[in-house]
Amino acid sequence: MTSPQVSITAISENAILLEWPELICPKQHKRILACQQKIEHLLDNKLIDSIAAYNSLIIYYKFEQIPLARLIKKLHQLVASLAITEQAADSITTVDIPVYYHPEAGWDLVHVSQALSLSVDEVIALHSQTSYTAYALGFTPGFCYLGTVDNSLQLPRRSPPRLSVPRGAVAIAEQQTAVYPNASPGGWHIIGQTPMAMYGVSENHFIPAIKVGWQVKFTPISRENFIALGGVLVKETGQ
């Protein structure tokens, strides 16, 4: 199978950007993660950090220990020779996120159902019966972009966005879904809230609840379970 074209570009004195076709594709994403692992092994103690996203991989390295031209040549060789192997299903970590789907928690739940000509129960079923791939971390600490939302559940972002979205808001926009880790501005459609924290901090280490490459499932729970799990329900007050 022919590998897709990958561009490799130096973007600073110690950073290189690898870019694949601009797609939301689980197979391509697995290739990117496989490439990330190979590069981490290749660079070993010369590596500072690596960050994977939907169709890209950034490598931060100790430029004083390896010449740029030599590294780029090695990266081209690695990408060209990388044998693509699919991960076995049982080797993929799955995170189960409990969600209270209800108009008092899902501020846009009724609007979404009306806009898509679905019942509220159908919206909940479509969202919760899909397994999502964690493609990228960004926007705010712990915010993980998940895809792909069922075609019949896709809407463009809100316009205008809200000035404040509650911590734990479960939302959708276009092909993606996510959980807001903290209260922040946001333009996605809120369809529920979760009591689950999206990150923790231990001994000054940031620990995301979801890591890139993992699978995510959303499980409907009752209001009572939401409260029992430590959830603090935030109702919309109007903005």
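The sections below set out a description of the structure shown in this document. Nothing here was measured: the structure is a model prediction, and the numbers come from that model. (Residues numbered from 1 in each chain as written. Predicted model: local features only at pLDDT ≥ 70, side-chain atom pairs only at ≥ 80, totals over all residues. Heavy atoms only, no water.)

1. Remarks on the side chain of Thr 133
Next up, step 1: Relative to the elements of secondary structure, Thr 133 occurs in strand S6 (residues 132-137).
Next up, step 2: At 2.9 Å, the side chain of Thr 133 forms a polar contact with the side chain of Gln 215.
Next up, step 3: When residues no more than four places from it in sequence are discounted, the contact partners of Thr 133 are Pro 26, His 29, Tyr 145, Leu 146, Gly 147, Trp 214 and Gln 215. (Helix = DSSP H or I, 4+ residues; strand = E, 2+ residues; numbered from the N terminus. Polar contact = N/O pair within 3.5 Å; in protein donor to acceptor, adjacent residues only side chain to side chain. Contact = heavy atoms within 4.5 Å.)

2. Regarding the pattern of salt bridges
Next up, step 1: Tallied over the full model, the rule gives six salt bridges.
Next up, step 2: For Asp 108, the salt bridge goes to Arg 158, with nearest N and O atoms at 3.1 Å. Remark: Arg 158 occurs in the loop between strand S7 (144-147) and strand S8 (162-165) and Asp 108 occurs in the loop between strand S5 (94-99) and helix H3 (109-115); sequence separation between them is 50 residues.
Next up, step 3: Overall, Arg 158 belongs to the partly exposed group, its relative accessible area being 26%.
Next up, step 4: Note that Asp 108 and Arg 162 form a salt bridge whose closest N and O atoms lie 2.8 Å from each other. Of this pair, Asp 108 sits in the loop between S5 and H3 while Arg 162 sits in strand S8, and the two are 54 residues apart along the sequence.
Next up, step 5: Exposure remark for Asp 108: the relative accessible area of 3% places this residue in the buried category. (Salt bridge = Lys/Arg side-chain N within 4 Å of Asp/Glu carboxyl O. Buried < 20%, exposed > 50% of the residue type's maximum accessible area, 1.4 Å probe, protein only.)

3. Here's the deal with the state of the cysteines
Next up, step 1: For the structure on display, the rule yields zero disulfides.
Next up, step 2: Cysteine Cys 144 remains unbridged, with the sulfur of Cys 25 as its closest cysteine sulfur at 17 Å.
Next up, step 3: Take Cys 144: its relative accessible area is 2%, and that puts it in the buried class. (Disulfide = S-S within 2.5 Å.)

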